[in-house]
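Fold and geometry: a report
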Amino acid sequence: MSISNNLTQIKSQIPPHVTLVAVSKTKPVADLMEAYDAGQRIFGENYVQELVEKHEQMPKDIQWHFIGHLQSRKVKLIAPFVSLIHGVDSLKLLQEINKQAAKNNRVIVCLLQIHIAEEESKFGLDEQELDEILKQVQNDNENYKNIRIVGLMGMATFTENQNQIEKEFQNLKSIFDKVSQLSTENCQLNTLSMGMSGDYQLAISCGSTMVRIGSSIFGTRNYQ
Ligand SMILES: *Cc1c(COP(=O)(O)O)cnc(C)c1O
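Predicted, not measured: the structure shown is a model, and the values here were computed from it.

Considering the overall build of the protein
Looking only at helices and strands, the protein has nine helices and nine strands in total. Computed over C-alpha atoms, the radius of gyration of the protein comes to 17 Å, within 12% of the 17 Å expected from 2.2 N^0.38 for 224 residues, which places it in the range of a compact globule. Along the three orthogonal principal directions, the C-alpha set of the protein runs to about 50 × 40 × 35 Å. Looking at the protein as a whole, 51% of its 224 residues are labelled buried. Looking at the protein as shown, the accessible area adds up to about 10,800 Å², and 46% of this sits on carbon and sulfur atoms. Distance from the positive charge centre (22 side chains) to the negative charge centre (26 side chains) of the protein: 5 Å.

Overview of the pattern of salt bridges
Applying the stated criterion to the full structure yields seven salt bridges. For Lys 54, the salt bridge is made with Glu 50, and the minimal N-O distance between the two is 2.7 Å. Pair noted here: Lys 54 and Glu 50 are both in helix α3 (residues 48-57), with a separation of four residues, about one helical turn. The two residues Lys 54 and Glu 50 agree in class, both being buried. Two residues, Lys 178 and Glu 127, come together in a salt bridge whose shortest N-O distance is 2.9 Å. On the criterion of sequence distance, the pair formed by Lys 178 in helix α7 (residues 162-179) and Glu 127 in helix α6 (residues 127-139) is long-range, its members being 51 residues apart. By relative accessible area, Lys 178 is classed as exposed at 51%. By relative accessible area, which is 34% here, Glu 127 ends up partly exposed. Several salt bridges share partner residues, and in doing so they unite Glu 45, Glu 50 and Lys 54 into one network.

Here's the deal with the site of the ligand
Neighbouring the ligand are 13 residues; Lys 25, Asn 46, Ser 197, Ser 215 and Arg 221 lie closest to it. Contact distances for the ligand include 2.9 Å between a nitrogen atom and a side-chain N or O atom of Arg 212. A distance of 2.8 Å separates an oxygen atom of the ligand from a polar atom in the side chain of Arg 221.

Description of the packing of aromatic side chains
Throughout the structure, instances matching the rule amount to one aromatic pair. Ring geometry for Phe 43 and Trp 64: centres 5.7 Å apart, planes at 35 degrees, overall tilted. On the criterion of sequence distance, the pair formed by Phe 43 in strand β2 (residues 42-45) and Trp 64 in strand β3 (residues 63-66) is long-range, its members being 21 residues apart. Classification of Phe 43 as buried rests on a relative accessible area of 0%. On the basis of relative accessible area, Trp 64 is assigned to the buried category, the value being 1%. In this structure, Arg 41 packs its charged tip against the face of Tyr 36, placed 3.6 Å from the ring centre.

A few points about the UniProt feature "modified residue: N6-(pyridoxal phosphate)lysine" (unreviewed entry) in the protein
This chain's UniProt record puts "modified residue: N6-(pyridoxal phosphate)lysine" (unreviewed entry) on Lys 25. Locating Lys 25 in the fold gives a position in the loop between β1 (19-23) and α2 (29-37). By relative accessible area, which is 13% here, Lys 25 ends up buried.

Looking at the environment of Val 23
Note that Val 23 resides in strand β1. Judged by its relative accessible area of 5%, Val 23 is buried. In sequence terms Val 23 and Asp 199 are 176 residues apart; their C-alpha atoms lie 14 Å from each other. When neighbours within four sequence positions are excluded, Val 23 is seen to be in contact with Gly 44, Asn 46, Ile 67, Arg 212, Ile 213, Gly 214 and Phe 218.

With respect to unusual backbone geometry
Unlike most non-glycine residues, Thr 26 shows phi in positive territory, near 70 degrees. Here Thr 26 is to be found in the loop between β1 and α2.

Rules behind the numbers
- Residues numbered from 1 in each chain as written.
- Predicted model: local features only at pLDDT ≥ 70, side-chain atom pairs only at ≥ 80, totals over all residues.
- Heavy atoms only, no water.
- Helix = DSSP H or I, 4+ residues; strand = E, 2+ residues; numbered from the N terminus.
- Rg over C-alpha atoms; globule rule 2.2 N^0.38 Å.
- Buried < 20%, exposed > 50% of the residue type's maximum accessible area, 1.4 Å probe, protein only.
- Areas by Shrake-Rupley, 256 points an atom, 1.4 Å probe, with all protein chains shown as cover.
- Lys, Arg positive; Asp, Glu negative; His and termini not counted.
- Charge placed at Lys NZ, Arg CZ, Asp CG, Glu CD.
- Salt bridge = Lys/Arg side-chain N within 4 Å of Asp/Glu carboxyl O.
- Near = heavy atom within 4 Å.
- Polar contact = N/O pair within 3.5 Å; in protein donor to acceptor, adjacent residues only side chain to side chain.
- Phe/Tyr/Trp six-rings, centres within 6.5 Å; stacked < 30°, edge-to-face > 60°.
- Lys NZ or Arg CZ within 6 Å of the ring centre and 35° of its normal.
- UniProt positions renumbered as here; feature names shortened; annotations may be inferred.
- Contact = heavy atoms within 4.5 Å.

So, in structure tokens, the structure goes:
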């Protein structure tokens, strides 16, 4: 199967209210261009340096999403162009994003990452930390003028157990439903980023509005 066939196939399985992020980490620009030529405009990358290089090489009408774990000191490298940061998991990081966005005269749109998996290794906030961050941002609008929190992101446990994955997605959806009631100038949560190649259909059935799909589009990745 070619990349464009894979895209067509996946798009036919995604309802119109769900946004497809093509996760292109580790893949060469030629592969991304194939997806671009097939109409894909939203790409997701995990590594700052790789994202910066691909942004330089690819057409300028692409929306680049950063979906990996972002270190504060690297925010400045992507702040000029990134269109959505998925994995924000601390107030400190949010403050740095705000600062760098201000320097670039931009508003950077962010999702807060929630820890829903069993694994310790997956990053993210618990519900209490989420509430604290939202409160802080909403009560201090003045200091967060250059960010906008538009939703939540989460990753399920890496397991074959569909019931467990479903439970974790349902948990994230219920947290999302609670916080999406809140709305202030810089917080209007309407995006729920959950679901990857192995579980996107389940994620959509649990209420996902944004899926991040890599290997089903570009093939399996080789990490060296
Ligand atoms: C790599 C990655 C994906 C895509 O994974 P696939 O299983 O290849 O679809 C999605 N989200 C995040 C955060 C990732 O790191």
